[in-house]
Amino acid sequence: MTLEELPGDQRSAGRMEQAGDALEEVLSKALSQRSLTLGVYEAAKLLNVDPDNVVLCLLAADEEEAGDAALQIHFTLIQAFCCENDIGILRVSNPARLAQLLLPAAGPEPPADLHCVLVTNPHASQWKDPALSQLMCFCRESRYTDQWVPVINLPER
């Protein structure tokens, strides 16, 4: 059975699982290349100064933080900016797993804010990285189905 032959819900779940694996690979590469910006405030500064080099924006909040009005306002503004500037945007459903992946980048004192993560790609074309290309396609296909900010689940390891 190929991906095209799967029923709608199974195909959607399969695409999301593949996108989760691709996201993990992109984060790993970006971490080693030092092309991550962590934090809502730092992300807003970078988006204001150099939006052309931002290729992906991740927003992460757990259920407890979903009621934080200030954080949701920041998310809404960042989402609007990313959509207007054709920056891929994803919502991560398990911020604890995102923190596990990004803590090596934080050094001895992890940042308090991992709610927004930007992946920049200033030196190379995004199409040279198959995992990033897959995520960009996932974002584009989600927009075509009116899901402007798709929610993605990072696989547990």
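Please refer to the structure placed before this passage.
Residues numbered from 1 in each chain as written. Predicted model: local features only at pLDDT ≥ 70, side-chain atom pairs only at ≥ 80, totals over all residues. Heavy atoms only, no water.

K.L.:
Which parts of the structure should I look at to understand unusual backbone geometry?
P.N.:
Located in the positive-phi region is Arg 34, a residue other than glycine, with phi close to 55°. Relative to the helices and strands, Arg 34 resides in the loop between α1 (8-33) and β1 (36-38). Of the residues examined, Arg 34 reaches a relative accessible area of 77% and is grouped as exposed. For Asp 86, which is not glycine, the phi torsion reads 55° and is therefore positive. (Helix = DSSP H or I, 4+ residues; strand = E, 2+ residues; numbered from the N terminus. Buried < 20%, exposed > 50% of the residue type's maximum accessible area, 1.4 Å probe, protein only.)

K.L.:
Whenever I open this one, the pattern of salt bridges confuses me. Can you help?
P.N.:
Proximity of charged atoms lets side chains of opposite charge pair with each other. According to the stated counting rule, one finds 3 salt bridges in the structure shown. Note that Glu 24 and Arg 97 form a salt bridge whose closest N and O atoms lie 3.1 Å from each other. Here Glu 24 is found in helix α1, whereas its partner Arg 97 is found in helix α4 (residues 95-106), with 73 residues between them in sequence. Across the pair, exposure class does not vary: Glu 24 and Arg 97 are buried alike. For Lys 29, the salt bridge is made with Asp 129, and the minimal N-O distance between the two is 3.0 Å. You can see Lys 29 sitting in helix α1 and its partner Asp 129 sitting in the loop between β4 (116-120) and α5 (130-144), a full 100 residues away along the chain. For Lys 29, a relative accessible area of 30% puts it in the partly exposed group. (Salt bridge = Lys/Arg side-chain N within 4 Å of Asp/Glu carboxyl O.)

K.L.:
What am I meant to see in the pairing of strand β2 (residues 54-60) here?
P.N.:
Successive residues of a regular strand alternate their side chains across the two faces of the sheet. With 7 of 7 residues buried, β2 lies mostly within the body of the structure. Direction of pairing for β2 relative to β4: antiparallel, over a ladder of 5 bridges. For Leu 59, the partnering residue across the bridge sits in β4 and is Cys 116. Two elements, β2 and strand β3 (residues 88-92), share 5 bridges in a ladder whose sense is parallel. Opposite Ala 60, over in β3, you have Val 92 as the bridge partner. (Pairing = 2+ DSSP bridges.)

K.L.:
Can you walk me through the sheet that holds β2 in this structure?
P.N.:
Pairing between sheet strands relies on hydrogen bonds along the backbone, with the strands arranged either parallel or antiparallel. Read from one edge to the other, the open sheet built from 5 strands follows the order β1-β4-β2-β3-β5, with strand pairing classed as mixed. Looking at which strands have only one partner, the edges of the open sheet turn out to be β1 and β5 (151-152). As judged from the 3 bridges shared by β1 and β4, these two strands associate in the antiparallel manner. Along β4, the bridge assignment pairs Thr 37 with Leu 118. The sheet contacts of helix α2 (residues 40-49) involve β1, β2 and β4, and relative to β4 the element is tilted by about 40°. Against the sheet, helix α3 (residues 69-84) contacts β2, β3 and β4, and its axis sits at roughly 155° relative to β2. (Contact = heavy atoms within 4.5 Å. Axes fitted to C-alpha atoms, helices over the stretch in contact; angles between N-to-C directions.)

K.L.:
Would you mind showing me how to read the side chain of Asp 129 here?
P.N.:
In this structure Asp 129 comes out as buried when scored by relative accessible area, which is 15%. Those residues in contact with Asp 129 that lie beyond four places of it in its chain are Glu 25, Val 26 and Lys 29.

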